[in-house]
Amino acid sequence: MLPGFTPGNLVVPGLSVTTADGLSIAVLSANLDAWEVVQAEFFFNEPPAPRWCDVMVRVRVQNIGGSITDEQSASESDFRLVASSVLYGVFDHSCGLIPDQLDAKLFLGGSVEGNVCVQLPVDESGIVMLYGPLFSLDTSDRRWLGLSANIE
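Residues numbered from 1 in each chain as written. Predicted model: local features only at pLDDT ≥ 70, side-chain atom pairs only at ≥ 80, totals over all residues. Heavy atoms only, no water.

Take the packing of aromatic side chains next. A full pass over the atoms with the stated rule returns 4 aromatic pairs. Pairing Phe 43 with Phe 44 gives two aromatic rings, centres 5.5 Å apart and planes at 75 degrees, and the pair type is edge-to-face. For Phe 43, a relative accessible area of 64% corresponds to the exposed category. Following the ring pairs from residue to residue traces out a cluster consisting of Phe 42, Phe 43 and Phe 44. It is Arg 143 that lies over the ring of Phe 5; its NZ or CZ is 3.9 Å from the centre. (Phe/Tyr/Trp six-rings, centres within 6.5 Å; stacked < 30°, edge-to-face > 60°. Buried < 20%, exposed > 50% of the residue type's maximum accessible area, 1.4 Å probe, protein only. Lys NZ or Arg CZ within 6 Å of the ring centre and 35° of its normal.)

The structure is reproduced here in structure tokens:
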């Protein structure tokens, strides 16, 4: 099985995986305690609850297989974090406003980098990123991306 198609065979940070709809996705970096970054730009955000933290992941998304006339969307809501077999998403566990939030429409060849931020319990480990289009019921287009504990 190709990397990124199952949780047991993750795509490593820096490498990309292609989705069924022609997006190429890569994790560029992860900050496992990003509250200071979030708060520095958006001082009015609420801090994480006690024993929770903001986890911010920088991703690159490129449209490599779509139509030249139809755009593909890429947004923070297409990504979730998984830890201890629990799914954490931006709707239930939002960091609030974040710098350079991922939200774009890409024509063929278009590429964008942006941040995804989700709050998790501080004692979580083995955190991985799951891509799955927000409005899709097709689980075959899920992609699994690793976060390395030693990346920023």
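More follows now that the structure is in view.
With that out of the way, let us pick up the side chain of Thr 19. Note that Thr 19 resides in the loop between β1 (16-18) and β2 (23-31). Polar contacts involving the side chain of Thr 19 include one to the side chain of Asp 21, which spans 2.3 Å. Apart from residues lying up to four places away in sequence, Thr 19 is in contact with Ile 25, Tyr 131, Asp 141 and Arg 143. (Helix = DSSP H or I, 4+ residues; strand = E, 2+ residues; numbered from the N terminus. Polar contact = N/O pair within 3.5 Å; in protein donor to acceptor, adjacent residues only side chain to side chain. Contact = heavy atoms within 4.5 Å.)

Now for the sheet that holds β1. The strand order β1-β2-β3-β8 describes an open sheet built from 4 strands, whose pairing is antiparallel. Where the open sheet ends on each side, the last strands, each with one partner, are β1 and β8 (111-121). Taken pair by pair, the neighbouring strands of this sheet meet at an average axis angle of 30 degrees, ignoring direction. Inspection of the sheet shows strand β3 (residues 52-63) paired to β8 by 11 bridges, in the antiparallel sense. Its bridge partner being in β8, Met 56 is matched across the sheet by Cys 117. (Pairing = 2+ DSSP bridges. Axes fitted to C-alpha atoms, helices over the stretch in contact; angles between N-to-C directions.)

Along β2, 7 of the 9 residues are buried, which leaves the element largely enclosed by surrounding structure. In this sheet, β2 lies alongside β1 in antiparallel orientation, the contact comprising 3 bridges. If you follow Ser 16 over to β2, its bridge partner there is Ala 26. Hairpin geometry of β1 and β2 is characterised by an intervening segment of 4 residues between the two adjacent antiparallel strands and by a positive phi of about 90 degrees at Gly 22. As judged from the 8 bridges shared by β2 and β3, these two strands associate in the antiparallel manner. Counted as the bridge partner of Leu 23 is Asn 63 from β3.

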